[in-house]
Every structure is written in structure tokens, then in C-alpha cells.
Amino acid sequence: MAYSPVVDAGAAVWILKPSDGGKGSGIKIVDSLAKIDAHFDALEDGSIAWVASEYIQAPLLLQPGARKFDVRIWALLDASYNVHVWRNGVLRTCSVPFTLDPASLDDPFVHLSNHCIQTQAEAYGRHESATNEVWLEDFDAYLKEHHASSVEGHLAPQWRAIIKETLGAAREFMEVDPFEPPYNCFQVFGFDFMVDEQLKVWLVEVNSSPAIAEALADDFAKDVVAV
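Every chain begins its residue count from 1, and numbering advances along the sequence as written. The predicted nature of this model means local features are confined to residues of pLDDT at least 70 and side-chain atom pairs, given and counted, to a pLDDT of 80 or more, with totals for whole chains, interfaces and linings taken over all residues. Only hydrogens and water are set aside; all other atoms, that is, all heavy atoms of the structure, feed into the side-chain values.

### Observations regarding the packing of aromatic side chains
For any pair of aromatic rings, the description consists of the separation of the ring centres together with the inter-plane angle of the planes.
Here is step 1: Pairing of aromatic rings covers Phe, Tyr and the six-membered ring of Trp, with a centre-to-centre limit of 6.5 Å; geometry is then stacked below 30 degrees between planes, edge-to-face above 60, and tilted otherwise. In total, this model carries eight aromatic pairs according to the counting rule given.
Here is step 2: Note on Trp-74 and Phe-220: the rings are 6.2 Å apart at their centroids and 55 degrees apart in plane angle, and the pair reads as tilted. One end of the pair, Trp-74, is in strand S4 (residues 69-78); the other, Phe-220, is in helix H6 (residues 217-226), with 146 residues separating them in the sequence. We note that Trp-74, like Phe-220, is buried.
Here is step 3: With a centroid separation of 5.0 Å and 85 degrees between ring planes, the pair formed by Trp-86 and Phe-220 is classed as edge-to-face. Within this pair, whereas Trp-86 is found in strand S5 (residues 83-93), its partner Phe-220 is found in helix H6, the two being separated by 134 residues in sequence. Comparing Trp-86 with Phe-220 shows no difference in burial state: the two are buried.
Here is step 4: Among the aromatic residues, those joined into a ring-pair cluster are Phe-69, Phe-139 and Tyr-142. Secondary structure counts use DSSP, requiring at least four H or I residues in a row for a helix and at least two E residues in a row for a strand, with both numbered from the N terminus. Whether a residue is buried, partly exposed or exposed follows from its accessible area with a 1.4 Å probe, protein chains only, as a fraction of its type maximum: under 20%, in between, or over 50%, in that order.

### Focus: unusual backbone geometry
Here is step 1: Going from Gln-63 to Pro-64, the amide bond is cis rather than trans, its omega being 5 degrees.
Here is step 2: Following the sequence through the fold, Pro-64 ends up in the loop between strand S3 (50-54) and S4.
Here is step 3: We note that Asn-132 has phi near 55 degrees; this positive angle belongs to a residue other than glycine.
Here is step 4: Of note, Asn-132 is situated in the loop between helix H3 (115-118) and strand S6 (133-135).

### Regarding the pairing of S4
Here is step 1: Within S4, ten of the ten residues are buried, which leaves the element mostly enclosed by the surrounding structure.
Here is step 2: Neither face of S4 is exposed, since Phe-69, Val-71, Ile-73, Ala-75 and Leu-77 on one face and Asp-70, Arg-72, Trp-74, Leu-76 and Asp-78 on the opposite face are all buried.
Here is step 3: Following DSSP output, two strands are said to pair if at least two bridges run between them. Summarising the sheet, S4 and S5 pair through eight bridges and their orientation is antiparallel. Looking at the pairing, Asp-70 lines up with Arg-92 of S5.
Here is step 4: Linkage of S4 to S5, two consecutive antiparallel strands, is achieved through a turn of four residues, within which Tyr-81 is found at a positive phi near 65 degrees.
Here is step 5: Inspection of the sheet shows S4 paired to strand S7 (residues 186-195) by eight bridges, in the antiparallel sense. Residue pairing across strands places Ile-73 opposite Phe-191, the latter belonging to S7.

### Points about the sheet that holds S5
Here is step 1: Overall, antiparallel pairing links the five strands, which are arranged S6-S5-S4-S7-S8 in an open sheet. Edge positions in the sheet fall to S6 and strand S8 (201-207), since each of these pairs with one other strand and no more. Mean inter-strand twist for the sheet, computed between neighbouring axes without regard to direction, equals 30 degrees.
Here is step 2: Against the sheet, helix H4 (residues 136-147) touches S4, S5 and S6, its axis set at about 80 degrees to S6.
Here is step 3: The contact criterion used throughout is that any non-hydrogen atoms of two residues lie within 4.5 Å. For helices, the axis comes from a line fit to the C-alpha atoms of the stretch in contact; other axes are also lines fit to C-alpha atoms, and the angle between any two N-to-C directions lies between 0 and 180 degrees. Across the face of the sheet, helix H5 (residues 151-169) comes into contact with S4, S5, S7 and S8 while running at roughly 130 degrees to S7.

### Overview of the pattern of salt bridges
Here is step 1: Salt bridges are defined as contacts in which a side-chain nitrogen from Lys or Arg sits within 4 Å of a carboxyl oxygen from Asp or Glu. Taken as a whole, this structure holds nine salt bridges when the rule is applied.
Here is step 2: For the salt bridge of Asp-192 with Arg-92, the shortest nitrogen-to-oxygen distance reads 3.1 Å. Here Asp-192 is found in strand S7, whereas its partner Arg-92 is found in strand S5, with 100 residues between them in sequence.
Here is step 3: Classification of Asp-192 as buried rests on a relative accessible area of 2%.

Structure representation (C-alpha cells):
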């Protein structure tokens, strides 16, 4: 059965994120500026900062089930401010079909692909893997079959450019702690991206202490040492 997102071409949908949030906690999706105003008006004085951004209404959807996903890519920033983008990554998928029906906006299983949320879904692990994960190698094959595209040919150059630009913009705010040779400090970041139906890559957020997919952890550690 095919699913299509329910979209009002004249309407905007917004996603609100708390600045101290993690693992999808506190995120809200609303369909009017009035609801954004009401949310902020209800906050107590001195509340944490929030980020409000327009929601991607036409994401690329993963079959079967026409489900939303995001892509986690890891990047290492070394002491000389060289950026190393890891060759592997992982798709984290939702468990149920994507829709923008107003009744679905409070449904985290539709909109939030965080593992800690999706593990509570009845359909968790029903599709691509037991952990709602797709490795880049498999996603590459999927793109070639369904979209006449590829990870390396179309998507990876976009997210590499975004990572470079993002870390470059933040450089003046970064500090490097001194280490005694032959040791140097480094920082690993987890960049989360979405892909829209036109295969354009969008930056969602950057994580300073990212988790590493268990199946990739050993290879990741070896490559970090090699850098």
C-alpha cells in the first residue's frame, strides 16, 4: 500500500526544539505561528532558549511504509582544525508512515526518529532491521534502485560541504586544549541530516557528544586512531 504525506500547499509547519534537549525530548511540531506564540508566552521568565524552524514538509520517504528518516554522519575535528568526515553513517528510521495530517503532529512515532522514542513503537524493528537502522552501503543500493542516484554521487558531497561550512563558521568560538606531544586533542561531532524528495540535504542539528552505532563502533575506533 502506498502512502502520501498530507500537505496543505499554503500552510507552514514548524518544529520547536529546547536548547537543552536530547533524544527528542521536548520537541513540538505545530502548524501555525499562533501556536508558536502561545508556546513561548506560556514559558516562565528565565526559561531556556528554544529554536523554531520551518519543518521539512516533503522529505524523502523510505519504503516500505513511506517513513521518515534522518542520517547521522560523524566528523572528527583535529587540533589543527582539519575536518575528517567518516566514510560510514547510518539512517535512523521512523516506524510508521509519514503524514502531516494535523492529528499526527503530536505523534512522535511519525516525526521523531530517535532510537529511544522509536523503541516504544509497536512497529519498531518491523522493516529494515531490528533496530530501525539502515547502513549507508544499503541506502546506496536503495537509492540506485529507486531514485537513479547514489550516496557518493549525490548526497555525500552535500553533507561534506555542510560539515565544512558549519565547522568553519564556528572556528572563532572554538578552543584547543594543549596536550603534550605526541598527543593532540580532537573532538568528534555527530551531524544529523534530512534528505528531501528532491535529494537535497538539510542540516538538522549537530551533536557534540554523539553516540556511535554499535555495529560500527569498532571500525570507527580504528579509524579514529588512524587519523
